[in-house]
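A closer look at the structure
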Amino acid sequence: MTDIITEQATAAASGAAATERFRTRQHSGATDVDAKRVDTLATELITAVHDIVRRHKVTYAEYDVLKAWLIQVGQDGEWPLFLDVWIEHVVEEVASENREGSKGTIEGPYYVPDSPNLSAEATLPMRDGEEGTPLLFQGQVTSVDGTPLSGATIEIWHADNDGYYAQFAPGLPEWNLRGTVTVDDRGHFRIHTIEPAPYQIPTDGSCGRLIAAAGWHAWRPAHLHLKVSAPGHQLITTQLYFKGGSHVEDDIASAVKPELILDPGPAADGNGHEVTYDFVLDKA
Ligand code: MBD
Ligand code: FE
């Protein structure tokens, strides 16, 4: 699928890649949603917009700006970015409301399935001399009853030291800083990687124009993305952040939770940092 690797670091290029990825993952279509439910949700959404128009006396000039902007979001391929930054966190909140295990948070637009398989102690695929502070991320996967989950897998993906994701920014090896780790027979893992940098969502596309027009900032704190799964258990999609890092307190995507903030210490081998974080999965 190298044909969708972006050639330029533009909003349109990474947006097109994210849109194409979403389509090829065959997310369930509208046909799965009951007509009554569509009626309720669409009516309430439209009515909420009417209320805003009345309350703020929205003008034709503003209506036309909105229309032009909505058209452009699609042309930039930025619907995945827009939705995952400003809407997904509430969907995740509702979806995980009854879970007891580890906290999850949003997936975001840059997940790619089928990353290279790695063993329980492994180094993520990276370039020779990959920039960034080395990080040993280790822990154990258990069930809510404490049983170690020897069959668990951990998919991990994150930005590099410049804040770029492989397959969504140009010039990076296809699977850079992406891998699927199988834990050992006691559920343990030791993943060697580098600490990602804070991430700024593209400023040259429609989402960037909204941010600039509203006087917001475009930053997400540095984060690791993870999907943790095991037979007979619910998959957790989550992210982990770094204590004291910039924008941990004001993530543009509202996806930080206190339980998800790591506090790495010096690595035992003297090389960078290490941190332990255990995942607890709910039964299916
Ligand atoms: C990201 O890396 C991300 O995690 C989210 C949620 C949105 C944009 C970029
Ligand atoms: Fe991300």
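Residues numbered from 1 in each chain as written. Chains lettered and ligands numbered in written order. Predicted model: local features only at pLDDT ≥ 70, side-chain atom pairs only at ≥ 80, totals over all residues. Heavy atoms only, no water.

1. Observations regarding the layout of surface pockets
Here is the rule we go by: For each structure, a 1 Å grid was placed over the protein atoms alone; sets of points admitting a 1.4 Å probe that cannot get out are labelled cavities, open sets with protein on both sides within 12 Å along at least five of seven lines are labelled pockets, and lining residues have an atom within 4 Å of a point. Grid points are joined across faces, edges and corners, and a volume is the space filled by probe spheres set on the points. The helix count covers DSSP runs of H or I at least four residues long, the strand count covers runs of E at least two residues long, and both are numbered beginning at the N terminus.
Taken as a whole, the largest pocket spans an internal volume of roughly 860 Å³. Taken together, 22 residues form the lining of the largest pocket, with Val 49, Glu 62, Leu 66, Trp 69 and Leu 70 sitting closest to its centre. Taken together, the elements giving at least two residues each to the lining of the largest pocket come down to helix 2 (35-56), helix 3 (60-75), helix 4 (79-86) and helix 6 (206-214).

2. Thoughts on the pattern of salt bridges
Close approach of charged atoms lets side chains of opposite charge pair. For the record, the criterion: Counted as salt bridges are all cases of a side-chain nitrogen of Lys or Arg within 4 Å of a carboxyl oxygen of Asp or Glu. Between buried and exposed lies partly exposed: a residue is buried under 20% and exposed over 50% of the maximum accessible area for its type, with that area taken using a 1.4 Å probe on protein chains only.
Taken as a whole and assessed by the stated rule, the structure comprises ten salt bridges. Salt-bridge contacts for Glu 121 lead to Arg 190; the nearest nitrogen and oxygen are separated by 3.1 Å. In this pair, Glu 121 sits in strand 2 (residues 121-123) while Arg 190 sits in strand 6 (residues 188-194), placing the two residues 69 residues apart along the sequence. One salt bridge connects Asp 263 with Lys 243, and the closest N-O pair in it is separated by 3.8 Å. Of this pair, Asp 263 sits in the loop between strand 11 (261-262) and strand 12 (265-266) while Lys 243 is found in the loop between strand 10 (236-242) and strand 11, placing the two residues 20 residues apart along the sequence. Per residue, the accessibility class of Asp 263 equals that of Lys 243, and both read exposed. Taken together, the salt bridges that share partners define one network made up of Arg 127, Glu 130 and Asp 160.

3. Section: the nonpolar core
Under the convention used in this document: The set of buried Ala, Val, Leu, Ile, Met, Phe, Trp, Tyr and Cys residues whose side-chain atoms join them within 4.5 Å is what this entry labels a nonpolar core. We call two residues contacting when some pair of their heavy atoms lies within 4.5 Å.
Counting 53 residues, the largest nonpolar core has Phe 137, Val 141, Ile 154, Phe 189, Ile 201, Leu 226 and Phe 279 as its most contacted members. Beyond its immediate sequence surroundings of up to four residues, Leu 226 is in contact with Phe 137, Ile 154, Glu 155, Ile 156, Trp 157, Ile 236, Thr 237, Thr 238, Leu 240 and Phe 279.

4. Looking at the site of ligand 1
Keep this limit in mind: Residues are classed as near a molecule or strand on a simple rule: at least one heavy atom within 4 Å of it. Polar contact criterion, stated in full: a pair of N or O atoms within 3.5 Å, where within protein one must be able to donate a hydrogen and the other to accept it, and residues adjacent in sequence count only if both atoms are side-chain atoms. All accessible areas in this document rest on Shrake-Rupley with a 1.4 Å probe, and a residue is counted as covered only by the protein chains that are shown. A molecule is counted as occupying a cavity or pocket when more than half of its atoms fall within 2 Å of that pocket's grid points.
For ligand 1, the full set of nearby residues is Leu 81, Val 85, Ile 106, Gly 108, Pro 109, Tyr 110, Tyr 165, Tyr 199, Ile 201, Arg 220, His 223 and His 225. Within the contact set of ligand 1, an oxygen atom lies 2.9 Å away from a side-chain nitrogen or oxygen of Tyr 165. Between an oxygen atom of ligand 1 and a side-chain N or O atom of Arg 220, the distance comes to 2.9 Å. Within the complex, 100% of the 260 Å² of free accessible area of ligand 1 lies under protein. Assessed atom by atom at 2 Å from the grid points, ligand 1 resides in the largest cavity. Contributing elements (two or more residues each) for the shell around ligand 1: helix 4 and strand 9 (223-229).

5. Focus: the sheet that holds strand 5 (residues 178-182)
For clarity, the threshold we go by: Paired strands, in this sense, are two strands between which DSSP finds at least two bridges.
Spatially, the six strands line up as an open sheet ordered 1-5-4-9-10-11, and their pairing is mixed. Bordering the open sheet on either side are strand 1 (117-118) and strand 11, each of which pairs with just one other strand. Inspection of the sheet shows strand 9 paired to strand 10 by six bridges, in the antiparallel sense. Within strand 10, the position partnered with Lys 227 by the bridge is Thr 237.

6. A word on unusual backbone geometry
Within the chain, Asp 114 stands out as a residue other than glycine whose phi angle is a positive 65°. One can find Asp 114 in the loop between helix 5 (88-95) and strand 1. When its relative accessible area of 67% is taken as the criterion, Asp 114 is described as exposed. For Leu 177, which is not glycine, the phi torsion reads 60° and is therefore positive. Among the secondary structure elements, Leu 177 is positioned in the loop between strand 4 (153-158) and strand 5.

7. Some points on empty space enclosed by the protein
Left-over empty space is what a probe sized like a water molecule reveals as it rolls over the atoms. Short version of the rule: For this scheme, ten residues count as nonpolar: Ala, Val, Leu, Ile, Met, Phe, Trp, Tyr, Cys and Pro. Four count as charged, namely Asp, Glu, Lys and Arg, and the remainder, Gly too, count as polar.
Inspection of the entire model under this criterion finds three cavities of 30 Å³ or more. Lining the largest cavity are 14 residues, and of these Gly 108, Pro 109, Tyr 199, Arg 220 and His 223 sit closest to its centre. Breaking the lining of the largest cavity down by element, the ones donating at least two residues are helix 4 and strand 9. The element that contributes the greatest number of residues to the lining of the largest cavity is helix 4, accounting for three residues. Taken together, the residues that form the lining of the largest cavity break down as eight nonpolar, four polar and two charged. Taken together, Ala 11, Ser 14, Gly 15, Ala 18, Gly 77, Glu 78, Pro 80, Leu 81, Pro 109, Tyr 110 and Pro 202 make up the lining of the second largest cavity.

8. Here's the deal with helix 1 (residues 11-24)
Here is the rule: A helix is expected to reach a length of 1.5 Å times the quantity of its residues less one.
Over its 14 residues, helix 1 runs 20 Å from end to end, which matches the ideal 20 Å to within 8%, given 1.5 Å per residue. Turning to helix 1, its buried residues number three or more, namely Ala 11, Ala 13, Ser 14, Gly 15, Ala 17, Ala 18, Thr 19 and Arg 21. Buried positions along helix 1 lie against helix 4.

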